[in-house]
Amino acid sequence: MEEIILREIAVLFLLSIVVVLVCHRFRLPSIVGFLLTGVLCGPSALGLIPNKEVVDLMAEVGVAFLMFTIGMELSGKELVRMKRPLLLGGTAQVVLTMAAVFGLTFWWSGMRLGLVYGCMVTLSSTAIVLSLLQQKAQMDSPQGRTCLAVLIFQDLAIVPMVLMLPLLSGGLDVDLNSMAFAAGKGVLTILGILLFGKFVLPRLMFSVVRTRSRELMLMTTLGLCLTVALITYMIGLSLALGAFLAGLMLAESEYSLNTLETMLPFKEVFSSIFFMSVGMLLDVQFFVSHIPVILAVASAIIAVKILMTMPAVLALNYSLRTALLAAFSLAQVGEFSFVLAKSALGLGLLDDSSYQVFLASSIFTMVLTPLLIGAAPGAANLVLCRWGLSKDCPDSSQPSPDEAEMEEGNEGGIIRDGRLLKDHLIIIGFGIGGKIMARGAKACGIPYVISEMNPDTVARYRSTEPIRHGDASFPLVLEHLGSSTARALTLLISDPAGGRGIIANARAMNPSLYIIVRTRYLGNIDHYREIGADEVIPEEFETSLEVFARVLNRYLVPRQDIDRYVTAIRRENYGMARRLDMGGSVMQSLPDLQLTALTVEEGSALAGKTLGEAALRREHGVTAAGLRRGEELDQAPNANTRMLPGDIVYLLATQEAINAAAGLFLGEEEKKPALEEN
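Calculation rules
- Residues numbered from 1 in each chain as written.
- Predicted model: local features only at pLDDT ≥ 70, side-chain atom pairs only at ≥ 80, totals over all residues.
- Heavy atoms only, no water.
- Helix = DSSP H or I, 4+ residues; strand = E, 2+ residues; numbered from the N terminus.
- Buried < 20%, exposed > 50% of the residue type's maximum accessible area, 1.4 Å probe, protein only.
- Areas by Shrake-Rupley, 256 points an atom, 1.4 Å probe, with all protein chains shown as cover.
- Core = buried A, V, L, I, M, F, W, Y, C linked by side-chain atoms within 4.5 Å.
- Contact = heavy atoms within 4.5 Å.
- Axes fitted to C-alpha atoms, helices over the stretch in contact; angles between N-to-C directions.
- Parallel < 35°, antiparallel > 145°, perpendicular 65-115°, else oblique.
- Left-handed = near helix turned anticlockwise from the far one by under 90°.
- Nonpolar A, V, L, I, M, F, W, Y, C, P; charged D, E, K, R; others polar.
- Pairing = 2+ DSSP bridges.
- Patch = residues over 30% accessible without salt bridge, like charges linked within 9 Å, V, L, I, M, F, W, Y side chains within 5 Å.
- Salt bridge = Lys/Arg side-chain N within 4 Å of Asp/Glu carboxyl O.
- Polar contact = N/O pair within 3.5 Å; in protein donor to acceptor, adjacent residues only side chain to side chain.
- pLDDT = per-residue confidence, 0-100.
- Expected span 1.5 Å × (residues − 1).

Asker: Tell me what's going on with the overall build of the chain, and back it up with residues and numbers.
Answerer: On a plain count of helices and strands, the chain comes out with 29 helices and twelve strands. Counting all 678 residues of the chain, 46% fall into the buried class. Here the chain has roughly 34,000 Å² of accessible surface; of this, 61% comes from carbon and sulfur atoms.

Given below as structure tokens:
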């Protein structure tokens, strides 16, 4: 038995590699490749998978993992905010679609089959829609949130649909008491799961995270996901709904980022198997011999779902454009429709021919879904322009205002106090260095976020600092820290392997990000720079320089000489890495220039003088490249520009020249400690 299962998995994976590569060559989405892989492996084509039950089981687990990750990307508060699209939009979509399908099929199939077809057609594919929206970073867009709400409502609507089929066939008598008991059991189970997530799960996750064991974290996450999914399945709800509730519980945990990153590989693998299992259901010979009928039915399904979904979205006060985008996304038949169709076939409500027509048409709508979602913006622009609802009618190749707003909201930034955080500082590690960095950033008004792996530290400072638990070597954690919109990242951890991953991933996400790294040893400088660090500060070297400077100070060596010695040693060790490389231009001969900001203090030698009177360039070798006074920035100060106390002057010069000129900016009170040291 084990050999058969391994053989089937190996066949699926190997064939999917070839098919997906071919699809990629023709610019077709991977989902289409997985569906075609299932068709080829199915009994009506090559017949490579004799034991399809195993694949069906893995496919169901794949849908559960997908819903788990979706739940983890939400939160309880966000779900409460979705109650209006969930109840109003979801109810309207299901009722309108069922009514339309019933009206179209009643005249030739009767009332019972009309209701059956209505139930099967109204459901959309959670796995396909959410996968595509995640790939396109549209989950936070208006159409993404609407689609998610409608899909969740459809999952809830599955329960009465399952009960309806036996009643329509006359094979089950259910009284009101038993239905009320089943509903109450479901409500109590869901309430118990949510209470467990609020009061028990945080303590459990804290104990797990404290072990620093990734293996234990993985087993805990998988165990919670599968256990909650199994509980909901046993009371008559779907596995997917239980997995969604499990993800929603973990989303409220401050350790959710690591958990989500751990689950992503499992979700991708099992979701891919789901698409293959759907393809295996198709009878290729029947499809070829009934192509006109299948195409007509598939077109009718897509048209009905688009037309019935639009008013459901418009009822939520969204624009016509958003309604069109959401309707195109939900225009396919869902995976659970196959379960309903199979049940209807077993109960005698459907014959074999009708079952195969519905099956083939449904798979065809699934294959078309990536194309429909891709074509939705152009179709929306065309409709708006044709009906005169758009003033400028932009070209379809240009992003519309809605798309621009959606893209702006998905730049990888983080939200704090209701606004997108940009140009912020990311602090990795909250030890002594991280605390000093955060204190300085707070004093200077620089927005910052902190990532820390120690759960005790996170628990201690989460009420006073913007700190998150997570392993920043994971791309998902860096994304939630807003690496794509940050200005600088400071790496203050003592883990060389993890540090290399953080630098490489952060540089890939944001090429303009300024990355400063603390390392223990001088030998790590070149390697960190090769993978993307802008500056590397070795602890042993800087500590040695500090000790060296203090020893010379004890021997009463003049402070200027000490600064020259330290600068010379730094040049010897950092010089090659810091020199400007302009591809052979004359800029290579320039010294190591740096831009430094100094404040003109009250009582300093420069307070009240113009730049011409100060003669900074002629006598001190530094150039004033800019001057800030309050909120105003003078980017081209001249000789007549006067420096007042509190002004910030931006100097361009070598570090040695800046150090020598820094005393000119100090007030009398600041000079005394420096003189006492010498």
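From this point on, the discussion continues.
Asker: Before we move on, can you summarise the nonpolar core with the specific residues and values?
Answerer: One finds Met120, Met161, Phe275, Val278 and Leu340 to be the most contacted residues of the largest nonpolar core, which totals 74 residues. Apart from the residues within four sequence positions on either side, Phe275 is in contact with Ile31, Phe34, Leu35, Ala127, Ile128 and Ser131.

Asker: Which residues make up the packing of helix α14 (residues 291–314) against helix α15 (residues 320–329), and what values go with them?
Answerer: Two numbers describe how α14 lies on α15: the axes approach to 8 Å, and their chain directions differ by 135°. Taken together, the axis directions place α14 and α15 in an arrangement best described as oblique. Read as a crossing pair, α14 and α15 show a hand that is right-handed. Residues Ile306, Thr309, Met310, Val313 and Leu314 of α14 lie in contact with α15, whose contacting residues are Leu320, Thr322, Ala323, Leu324, Ala326, Ala327 and Phe328. Across the contact of α14 with α15, the residue classes break down as ten nonpolar, two polar and no charged.

Asker: Can you lay out unusual backbone geometry for me, pointing to particular residues and giving the numbers?
Answerer: With a phi close to 70°, Asn317 is a non-glycine residue in the positive phi region. Of note, the phi angle at Ala615 is positive, near 50°, even though the residue is not glycine. By the element assignment, Ala615 lies in the loop between α26 (611–614) and α27 (616–620).

Asker: How would you summarise the sheet that holds strand β3 (residues 425–428) if you had to cite specific residues and measurements?
Answerer: Strand order in the open sheet formed by six strands is β5-β4-β3-β6-β7-β8, with parallel pairing between adjacent strands. Each of the sheet's edge strands pairs with one partner strand only, and the pair in question is β5 (467–469) and β8 (535–538). Sheet twist, expressed as the mean angle between neighbouring strand axes with direction ignored, is 15°. Relative to strand β7 (residues 514–519), strand β6 (residues 488–491) runs parallel, the two sharing four bridges.

Asker: Account for the environment of Gly378, with residues named and values stated.
Answerer: Within the element layout of this structure, Gly378 appears in helix α17 (residues 352–386). Through-space distance from the C-alpha of Gly378 to that of Leu325 is 9.7 Å; in sequence the pair is 53 residues apart.

Asker: Explain the pairing of β8 residue by residue, including any values.
Answerer: Side chains Val536 and Pro538 of β8 all project onto a buried face; the interleaved residues Glu535 and Ile537 project onto a face where none is buried. The sheet contact formed by β7 and β8 spans four bridges and is parallel. By the bridge assignment for β8, Ile516 is matched with Glu535.

Asker: Before we move on, could you go through the sheet that holds strand β12 (residues 648–654) and cite the residues and values that matter?
Answerer: One open sheet holds the four strands; their spatial order is β9-β12-β10-β11, and the pairing between them is antiparallel. A strand with exactly one partner marks an edge of an open sheet, and here the two such strands are β9 (593–599) and β11 (632–634). Across this sheet, the average inter-strand angle for adjacent strands is 20°, counted without regard to direction. As paired elements, strand β10 (residues 623–629) and β12 share five bridges and run antiparallel to each other. Bridge pairing links Arg628 to Ile648 in β12.

Asker: An account of a nonpolar patch on the surface is requested, with residue identities and associated values reported.
Answerer: Residues Leu14, Ile17, Val18, Leu21, Val22, Phe26, Leu28 and Leu371 make up a contiguous nonpolar surface patch of about 800 Å² in total accessible area. The element best represented in the nonpolar patch is helix α1 (residues 2–25), accounting for five residues.

Asker: Mind laying out the side chain of Gln154, listing which residues take part and the relevant values?
Answerer: Tracing the backbone shows Gln154 in helix α7 (residues 142–169). There is a polar contact of 2.9 Å between the side chain of Gln154 and the side chain of Gln93.

Asker: Mind laying out the confidence of the model for the chain, listing which residues take part and the relevant values?
Answerer: Residues at a pLDDT of 70 or more form 81% of the chain, whose mean pLDDT is 78. The low-confidence segment residues 575–591 (pLDDT under 50) makes twelve contacts with residues lying over four places distant or belonging to another chain. Low pLDDT (under 50) marks residues 672–678, which in the prediction has five contacts with non-local residues, meaning those over four places away or in another chain.

Asker: Now, about helix α11 (residues 239–251): what can you tell me, with residues and values included?
Answerer: Here α11 is 13 residues long and its end C-alpha atoms lie 18 Å apart, about the 18 Å a rise of 1.5 Å per residue gives. Counting buried positions along α11 gives 13 out of 13 residues, so the element sits mostly inside the fold.

Asker: Please set out the side chain of Ser604 residue by residue, giving values where relevant.
Answerer: Tracing the sequence through the fold places Ser604 in the loop between β9 and α26. Not counting the four nearest positions on each side in its chain, Ser604 is found in contact with Leu664, Phe665, Leu666 and Gly667.

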